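Close look at the chain arrangement
Each chain is listed here by its residues.
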Amino acid sequence: TKVRHAVFEILENNEPQTMKQIVRSLPSVDRASIYRSISLFEDIGIVQRLQIGWKHKFELSDRFHEHHHHIVCLQCGKITNINNSNQLEKELQFIAESYAFRPKSHQIEIQGICSSCLETWDPRHDSLGSNGSLSTSNNSLCLIGRFFNI
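Report on the accompanying structure. Every value quoted in this text rests on a predicted model; they were computed, and no experiment measured them.

This brings us to the overall build of the chain. Scanning the chain from terminus to terminus reveals six helices and five strands. Counting over 150 residues, the chain shows a buried share of 31%. The contacts of the chain with a sequence gap of at least 6 include a subset with a gap of at least 24, amounting to 42%. Split by element, the accessible area of the chain, about 10,700 Å² in all, is 52% carbon and sulfur.

So, about the sheet that holds strand S3 (residues 69–73). Taken together, three strands build an open sheet; the order of strands is S4-S3-S5 and the sheet is mixed. Both edges of this open sheet fall to strand S4 (79–82) and strand S5 (109–112), since each of them pairs with a single strand only. In this sheet, neighbouring strand axes are inclined to one another by 20 degrees on average, regardless of whether the strands run parallel or antiparallel.

Our focus in this paragraph is the nonpolar core. Residues Leu11, Ile22, Leu26 and Ile34 are the most contacted members of the largest nonpolar core, which totals 17 residues. Breaking this core down by element, the ones donating at least two residues are helix H1 (2–12), helix H2 (19–25), helix H3 (31–43) and strand S2 (55–60). Examining the composition of this core, we find that five residues originate from one element, H1, more than from any other.

Right, let's talk about the environment of Thr18 for a bit. Position of Thr18 among the secondary structure elements: in the loop between H1 and H2. Note on Thr18: relative accessible area 22%, which makes it partly exposed. For the pair Thr18 and Arg49, spaced 31 residues apart in sequence, the C-alpha to C-alpha distance is 9.5 Å. Apart from residues no more than four positions distant in its own chain, Thr18 is found in contact with His56 and Lys57.

The rules behind each value
Residues numbered from 1 in each chain as written. Predicted model: local features only at pLDDT ≥ 70, side-chain atom pairs only at ≥ 80, totals over all residues. Heavy atoms only, no water. Helix = DSSP H or I, 4+ residues; strand = E, 2+ residues; numbered from the N terminus. Buried < 20%, exposed > 50% of the residue type's maximum accessible area, 1.4 Å probe, protein only. Contact = heavy atoms within 4.5 Å. Areas by Shrake-Rupley, 256 points an atom, 1.4 Å probe, with all protein chains shown as cover. Pairing = 2+ DSSP bridges. Axes fitted to C-alpha atoms, helices over the stretch in contact; angles between N-to-C directions. Core = buried A, V, L, I, M, F, W, Y, C linked by side-chain atoms within 4.5 Å.

So this is what it looks like as structure tokens:
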């Protein structure tokens, strides 16, 4: 259908998109039709969902783009593709084989703070400790603070 084709083109020509971004990109298309198209695309493997904390974005699956992984900024939400990860892929295959496991797919996402956000990033108000590790107690407090705008 025209709606599915339009949704596909949005995902094909952009970085991963939130549902809100997709809807805004297609102002003349009914929101419910967009949601149904994304749901169908996800069910049949045309798109994949990238989980980012409590939110998610969509991108075309590996059938349409070269397999890659992501670096995600926890501050601004920017997603950067990690391309040419042959060494990582070999290591993942080795790990799977060492467990006598045959993987069908995988997604790797490195979360942190991008170079642009590092200039204004205050580690005292974030869930990452000074060594870059996730602190669960700080993380819970940060999430509560962000939710209630504290």
